[in-house]
Amino acid sequence: MDNRSRYFPHVLPVRWAALPSTRLLIAAVAAAVLLAGWHLTAPATHADDPSYDNPVTYGAAQDKITGITVGDIDADGDLDLIAVKDGQQSAAYLNDGQGHFFDGVIDDCAAQASVLRCFGAPDDHFTAVTLADVDSDGDLDGVALAGSGQSRIFVNDGRGSSSPAAFGFSLSAGRSLAAGDLNGDGSPDLVVGDRAQNVVFFNDGRGNFYSGRLDSCDTPPAGVACVGARAHRPSRWPTWTAMGGWTLPSPAVPTVNHRVPFT
Ligand SMILES: [Ca+2]
Ligand SMILES: [Ca+2]
Ligand SMILES: [Ca+2]
């Protein structure tokens, strides 16, 4: 006879066997205790875990960076940092091959060309940036979205320097940007999240995108597709319309364009 039966000869064996729910309850409590202990225990550390004790800095403290992405824009095998700014000089910060980047003020793009590739103008108001090989020549081109003013494509010469081309609306309110081949023709297209109207700009296959006015999503220009509802912000419409933007019904009513050519 075991100790349990010796001290509780009638009670415990009967209850233990007759109440399987009790055993399940005990097992569940034990599992909960074990799981809680596992979560509360500090995770094990390993010698090869990454450490952030010595962060690498880039740029300057006063930089107004509004968007950033990474990519090897000078084709030397390492990832560079591409930063767009609001009212300051945007630039690609070149990787020195060991993960170090220029960490000062940009005051002379030509003189700092060994560590930077400037693009755009200091008075551009960019809000987002992405990289894509829009002209299919094998290098990454930059796409910078403007929160106000003109958005631009920066066509890479293969060494990280670029020439600009306009895309999008001259009066934009862009906030977010992504690139991807939405119509399956092999060329990356651009998806723009804009405070007035979300839009897809289709690549013509040579890296060119529509730039100009968007008067109506009912009859959008070639290469443009509206997505989702038009923003209903009447306080902005008079200024927008006066500067060559939308032709709006009165009163402005949110609409949805169902003719997005995703196929
Ligand atoms: Ca590089
Ligand atoms: Ca390219
Ligand atoms: Ca495409």
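Worth saying up front: this structure is predicted, and the values here are computed from it rather than measured.

## Digging into the overall build of the protein
No. 1: When helices and strands are counted, the protein shows four helices and 13 strands.
No. 2: Out of the 263 residues in the protein, the part that is buried amounts to 31%.
No. 3: In the protein, the proportion of contacts linking residues at least 24 apart, taken out of those at least 6 apart, comes to 44%.

## Section: the environment of F126
No. 1: Mapped onto the secondary structure, F126 falls in strand β5 (residues 125-132).
No. 2: The buried category is assigned to F126, around which 28 C-beta atoms lie within 10 Å.
No. 3: For the pair F126 and A83, spaced 43 residues apart in the sequence, the C-alpha separation amounts to 9.6 Å.
No. 4: Setting aside chain neighbours within four positions, we find F126 in contact with T66, G67, V84, K85, D86, S90, G120, A144, L145 and A146.

## Structural notes on the sheet that holds strand β4 (residues 116-119)
Note on sheets: strands pair through backbone hydrogen bonds, and any given pair is parallel or antiparallel.
No. 1: Taken in spatial order, the four strands line up as β1-β2-β3-β4 in an open sheet, and their pairing is antiparallel. The sheet is open, and its two edges are formed by β1 (65-71) and β4, each paired on a single side. Averaged over neighbouring strand pairs, the angle between their axes works out to 20 degrees when direction is ignored.
No. 2: Looking at chain direction, β1 and strand β2 (residues 80-85) are connected through six bridges and run antiparallel. Across the sheet, the residue bridging to G67 is V84, located in β2.

## Considerations on the sheet that holds strand β10 (residues 189-194)
No. 1: The antiparallel open sheet is built from four strands, whose spatial order is β9-β10-β11-β13. Two strands close off the open sheet at either side, each with one partner strand: β9 (174-180) and β13 (224-227). With strand direction ignored, the average angle separating the axes of adjacent strands in the sheet is 20 degrees.
No. 2: Where β10 meets strand β11 (residues 198-201), three bridges bridge the pair, whose relative direction is antiparallel. From the neighbouring strand, L190 faces β11, where its bridge partner is F201.

## As for the environment of G142
No. 1: Assignment of secondary structure puts G142 in strand β6 (residues 141-148).
No. 2: Every residue in contact with G142, bar those within four places of it in the chain, is listed here: I82, F119, V129, L131, F154 and S162.

## Description of the pairing of β6
No. 1: Counting buried positions along β6 yields seven of eight residues, so the element is predominantly enclosed.
No. 2: Both β5 and β6 contribute to a ladder of seven bridges, which runs antiparallel. Note that in β6 the partner of T130 across the bridge is V143.

## Overview of the confidence of the model for the protein
No. 1: Residues with a pLDDT of 70 or more make up 68% of the protein, whose mean pLDDT is 80.
No. 2: Low confidence marks residues 7-14, where pLDDT is under 50. Its contacts with residues over four positions away, or in another chain, come to two contacts.

How each quantity is defined
Residues numbered from 1 in each chain as written. Chains lettered and ligands numbered in written order. Predicted model: local features only at pLDDT ≥ 70, side-chain atom pairs only at ≥ 80, totals over all residues. Helix = DSSP H or I, 4+ residues; strand = E, 2+ residues; numbered from the N terminus. Buried ≥ 20, exposed ≤ 12 C-beta atoms within 10 Å, placed from the backbone. Contact = placed C-beta atoms within 7 Å. Pairing = 2+ DSSP bridges. Axes fitted to C-alpha atoms, helices over the stretch in contact; angles between N-to-C directions. pLDDT = per-residue confidence, 0-100.

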